[in-house]
Amino acid sequence: MSNATENLFTATVYDVFGEEIDTLTGTDILDLERRVWSLWGGSDWGVTYTISDDLGAELICESLD
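Residues numbered from 1 in each chain as written. Predicted model: local features only at pLDDT ≥ 70, side-chain atom pairs only at ≥ 80, totals over all residues. Heavy atoms only, no water.

**Student:** Describe the overall build of the chain, with residues and values.
**Tutor:** Across its full length, the chain holds one helix and four strands. For the chain, the N- to C-terminal ordering of α and β elements is β-β-α-β-β. In the chain, the share of contacts with a sequence separation of at least 24, taken over all contacts with a separation of at least 6, comes to 33%. For the chain, the accessible surface area stands at approximately 4400 Å², while carbon and sulfur atoms represent 51% of it. (Helix = DSSP H or I, 4+ residues; strand = E, 2+ residues; numbered from the N terminus. Contact = heavy atoms within 4.5 Å. Areas by Shrake-Rupley, 256 points an atom, 1.4 Å probe, with all protein chains shown as cover.)

If you want it as structure tokens, here you go:
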């Protein structure tokens, strides 16, 4: 039995008004970031996103425009 546990990351996507419009989770932070960009990237809506770890620490905060 392995003691290793995978970290769970959460990406939260916000609209221009700061309202949450999407949430994605995953264990690979780079894959999670690619998924956010493929769904929401390049929009002219002022969309931003954050990626946090399973302890709630914000690791990434970027605009998608």
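**Student:** Give me the lowdown on the nonpolar core, citing residues and values where you can.
**Tutor:** If you look at the biggest cluster of nonpolar residues, it comprises 12 residues: Phe9, Ala11, Val13, Leu24, Leu32, Val36, Trp40, Val47, Tyr49, Ile51, Ile60 and Leu64. Not counting residues within four places of it along the chain, the set of residues in contact with Ile60 comprises Ile29, Glu33, Tyr49, Thr50 and Ile51. (Core = buried A, V, L, I, M, F, W, Y, C linked by side-chain atoms within 4.5 Å. Buried < 20%, exposed > 50% of the residue type's maximum accessible area, 1.4 Å probe, protein only.)

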